[in-house]
Amino acid sequence: MTDNIIECRNLTHYYGKRLIYENLSFGVPRGRILGLLGKNGTGKTTTINILSGYLKPRSGACHIFGENIQGMAPRTRQNIGLLIEGHIQYTFMSIAQIEKFYAPFYPRWNRAAYYELMEKLHVAPGQRISRMSCGQRSQVALGLILAQNPDLLVLDDFSLGLDPGYRRLFIEYLREYAKAENKTVFLTSHIIQDMEQLIDDCIMLDYGKILLQKPVGELLDTVRQYTFTMTAAGPLPDDERFYHPSVIRDRGELFSFLPEAEVRGILDAQGVPYANLENCRVNLEDAFIGLTGKY
Amino acid sequence: MLKTICYKEWVKTRWYFLLSTLLLAAFTGYCLLNVSRIVEFKGAVHLWQVMLERDAVFIDLLAYLPVLAGLLMAVFQFIPEMQQSRLKLTLHLPYPHYRMIAAMLLYGTSMLCVTYLVSLGMIGIRFDTVVARELFARVMLTALPWYMAGLAAYFLTAWVCLEPTWKRRILDMLVGMGVLRIFFLAQAPEAYNAFLPWLALYTLLLSLLGMLSVYRFKTGEQD
């Protein structure tokens with residue numbers, strides 16, 4: 001049996017009458033970095049809010065470290081590092097004050113880890129967080145999580161508002177830390193290129209459901225972008241194993257996990273007027289767009 | 001942990017606390033200056049006479065200031081928690097949720113009590129030296145509901161600030177204004193004497209309203 005740190009079963013949630021998702025089930029294995037990918041409105045932040053215990057799903061349950069999050073003991077929260085979307089922290093505090101505030105709550109508090117990261121920012125300990133740039137604030141939030149030294153890190157849209165330099169710094173620091181310390185990370189981000197360098201596994205959310213959950217390596221080894229030329233006006237291929245077939249002028253495109261021979265067979269069987277069928281490997285961002293569609 | 005929680009609240013509210021204590025003390029001092037002037041120019045007998053014949057307590061100017069102080073204390077303490085849903089950070093700390101909010105409210109109440117005690121202490125010291133025990137008690141008992149109203153305003157504003165939805169927040173504000181009105185129904189000195197223990201209990205019960213808002217926040221109520 002897989003040793004899952006997070007286990008969500010049959011989550012269903014609505015905002016008013018709008019369905020966000022139905023019967024969503026997934027697990028996050030110990031020691032893995034799992035990215036939740038999805039377009040706006042597919043329920044990424046909703047999932048984080050449910051996992052953090054700030055949202056009660058309409059039905060279903062989530063367990064973290066085997067404990068139902070709705071009745072989670074405060075002691076269990078010592079072991080969960082939470083980064084809120086936008087690197088939210090107590091901006092009315094200075095970097096020294098915030099460290100002094102958090103430390104007593106966490107028995108494994110690693111003060112050195114926090115100040116090691118703060119030294120890179122070249123800011124005085126008395127500097128107020130509200131007067132820092134978004135990038136610097138992200139490092140404060142990350143430093144506090146690293147000092148907390150939890151076994152599970154939950155990061156909501158960690159790249160929001162960060163310039164490429166700070167995004168890279170955040171990713172490199174986080175990945176190195178998570179791998180060296182065998183931490184489990186569950187995260188979301190809008191910037192898929194960042195995820196490719198960071199995550200081991202991904203869950204792709206589509207409107208109302210999970211499209212797939214796979215290791216990133218396996219996904220990129222199997223998914224293919226197929227391009228072809230439409231030789232005449234004709235029907236677009238229609239098969240549930242083809243993702244978002246489209247044609248712009250006479251250039252056709254679709255994504256699929258099928259090998260080329262099978263794709264060719266389906267196109268032929270459906271009478272699609274095509275020529276020059278080619279396939280290529282894609283990066284995570286292209287795979288994401290190909291599988292979830294551009295709209 | 002109480003010490004640590006109070007540390008955060010102190011960082012948030014220290015400047016407001018110092019300013020509000022000084023301002024309330026300054027207004028109290030201004031009222032007492034009038035008392036001193038009367039005693040100096042017309043004598044203590046005249047002061048007694050006015051207090052007995054005209055029901056004057058000389059500190060009417062202070063009636064609504066504790067309410068304002070309580071309201072602003074809650075604003076300075078809880079608005080930063082609700083901006084960008086920062087309350088999520090507070091509730092994620094490994095400490096029981098409702099005990100955390102209770103600790104924050106306890107901090108605010110203690111700070112307000114210090115602010116109010118400075119003002120009440122000044123009133124007490126001044127009147128104790130120039131009027132009889134009965135008149136001294138009359139001034140203090142007249143002022144007491146105003147200061148209780150200040151604590152009620154603090155609890156009600158905390159309730160409004162912690163509420164996660166605007167629709168409900170506006171409703172809570174209207175209810176809060178109605179509740180505060182109870183403390184100012186009668187203007188006559190010592191009008192609330194018989195009612196004071198109940199008013200104190202009623203004020204204490206208002207502190208539970210903040211928990212209701214946090215419960216709604218935790219269930220994911222939002223605009």
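Residues numbered from 1 in each chain as written. Chains lettered and ligands numbered in written order. Predicted model: local features only at pLDDT ≥ 70, side-chain atom pairs only at ≥ 80, totals over all residues. Heavy atoms only, no water.

**Comments concerning the domain arrangement of chain A**
All names here are of chain A. Where we set the bar: Residue ranges for the domains originate in an automatic or database domain assignment. Only heavy atoms enter the contact rule, under which two residues are in contact if any of them lie within 4.5 Å. Any carboxyl oxygen of Asp or Glu within 4 Å of a side-chain nitrogen of Lys or Arg constitutes a salt bridge here. The term polar contact refers here to a pair of N or O atoms within 3.5 Å; inside protein, the definition further demands a hydrogen-donor-capable atom paired with an acceptor-capable atom, and it admits residues adjacent in sequence only when both atoms are side-chain atoms.
Assigned domains within chain A: domain 1 (4-216) and domain 2 (223-292). The straight-line distance from the C-alpha centre of domain 1 to that of domain 2 is 36 Å. Taken together, the contacts link 14 residues of domain 1 with 9 residues of domain 2. Summed over the shared surface of domain 1 and domain 2, the number is 0 salt bridges. Summed over the shared surface of domain 1 and domain 2, the result is 2 residue pairs in polar contact (both at pLDDT 80 or more).

**Observations regarding the interface of chain B and chain A**
Heads up, the condition is: A simple way to read buried area is as the amount of 1.4 Å-probe accessible surface that goes missing from two parts once joined, with both sides added. Comment: elements are numbered from the N terminus, with helices defined as DSSP H or I runs of at least four residues and strands as E runs of at least two. Polar here means any residue outside two lists: the nonpolar Ala, Val, Leu, Ile, Met, Phe, Trp, Tyr, Cys and Pro, and the charged Asp, Glu, Lys and Arg; Gly therefore counts as polar.
The interface is formed by 28 residues belonging to chain B together with 26 residues belonging to chain A. Taking both sides of the interface into account, the surface hidden between chain B and chain A amounts to around 2700 Å²; carbon and sulfur atoms contribute 67%. When residues of chain B are sorted by the area they lose upon contact with chain A, Leu89, His92 and Pro94 of chain B head the list and together hold 26% of the total. If you look at where chain B meets chain A, you find 0 salt bridges. One can count 14 residue pairs in polar contact (both at pLDDT 80 or more) joining chain B with chain A. Here the side of chain B that touches chain A takes 7 residues from helix α1 (residues 2-42) of chain B, the largest share from any one element. Of the residues that constitute the side of chain B that touches chain A, the class distribution is 13 nonpolar, 8 polar and 7 charged.

**Things to note about helix α3 (residues 65-82) of chain B**
All names here are of chain B. Going by this rule: Under the convention used throughout, the expected extent of a helix is 1.5 Å for every residue step, that is, one less than its residue count. The term bend refers to the angle at a residue between two fitted axes, each drawn through seven residues, those ending there and those starting there. Classification of residues uses two cut-offs on accessible area relative to the type maximum, computed with a 1.4 Å probe and protein chains only: under 20% is buried, over 50% is exposed, and between them is partly exposed.
Counted at 1.5 Å a residue, the expected span for α3 with its 18 residues is 26 Å, and the 25 Å between its end C-alpha atoms agrees. For α3, the principal kink sits at Phe76 and spans about 25 degrees; a proline, Pro80, occurs within the next four residues. What α3 keeps buried is the set Pro66, Val67, Ala69, Gly70, Met73, Ala74, Gln77, Phe78, Pro80, Glu81 and Met82. Buried residues along α3 sit in contact with α1, α4 (87-92), α5 (97-130), α6 (133-162), α7 (166-181) and α9 (209-218).

**Remarks on the packing of α6 of chain B against α7 of chain B**
All names here are of chain B. Applicable threshold: For helices, the fitted axis covers only the stretch in contact; all axes are lines through C-alpha atoms, and the angles between them, taken along N-to-C directions, range from 0 to 180 degrees. If an angle is under 35 degrees, it is roughly parallel; if it is over 145, roughly antiparallel; if it lies from 65 to 115, roughly perpendicular; otherwise it is oblique.
For the pair α6 and α7, the least separation of the axes is 9 Å and the interaxial angle reads 170 degrees. As far as their axial angle goes, α7 and α6 are roughly antiparallel. Two secondary-structure elements touch here, α6 through Ala149, Ala152, Ala153, Leu156, Trp159, Val160 and Cys161 and α7 through Arg169, Asp172, Met173, Val175, Gly176, Val179 and Leu180. Across the contact of α6 with α7, the residue classes tally to 11 nonpolar, 1 polar and 2 charged.

**Observations regarding the pairing of strand β7 (residues 152-155) of chain A**
All names here are of chain A. To keep things clear, this is the line we draw: We treat two strands as partners when DSSP finds at least two bridges between them. Every crossover in which the path from the first strand over the helix to the second runs clockwise, viewed with the strands pointing away from the viewer, is termed right-handed.
Burial along β7 is two-sided: the face carrying Leu152 and Val154 and the face carrying Leu153 and Leu155 are both buried. Here strand β6 (residues 80-83) runs beside β7; their pairing, made up of 4 bridges, is parallel. Bridge pairing links Ile80 to Leu152 in β7. Taking the sense of rotation as the criterion, the β-α-β connection linking β7, helix α6 (residues 164-180) and strand β8 (residues 184-188) turns out right-handed.

**A look at a nonpolar patch on the surface**
Residues and elements named next belong to chain B. We apply this condition: Any residue with relative accessible area above 30% and no salt bridge may belong to a patch, with like charges joined within 9 Å and the nonpolar Val, Leu, Ile, Met, Phe, Trp and Tyr side chains within 5 Å. Throughout, the Shrake-Rupley method with a 1.4 Å probe supplies accessible areas, and for residues the shown protein chains are the sole cover considered.
A surface patch of nonpolar side chains, about 500 Å² in accessible area, is lined by Leu19, Leu23, Phe27, Tyr30 and Leu61. Looking at the secondary structure, you find Leu19 in helix α1. By relative accessible area, Leu19 is classed as exposed at 52%.

**A few points about the state of the cysteines**
For clarity, the threshold we go by: Here, two cysteine sulfur atoms that lie within 2.5 Å of each other are counted as a disulfide.
Considering all chains together, one arrives at 1 disulfide over all chains under this definition. In this model, Cys8 of chain A is linked to Cys62 of chain A through a disulfide, with the two sulfur atoms separated by 2.2 Å. Between Cys8 of chain A and Cys62 of chain A, the S-S torsion sits near 110 degrees, and that sign places the bridge as right-handed. Of this pair, Cys8 of chain A sits in strand β1 (residues 4-15) while Cys62 of chain A sits in strand β4 (residues 59-64); the two residues are 54 residues apart in sequence, bridging distant segments of the chain. Here Cys8 of chain A and Cys62 of chain A have matching classes, each one buried. You can see Cys6 of chain B has no disulfide; the closest cysteine sulfur is in Cys113 of chain B, sitting 13 Å from it. Cys161 of chain B takes part in no disulfide bond, and the closest cysteine sulfur, belonging to Cys6 of chain B, lies 19 Å away.

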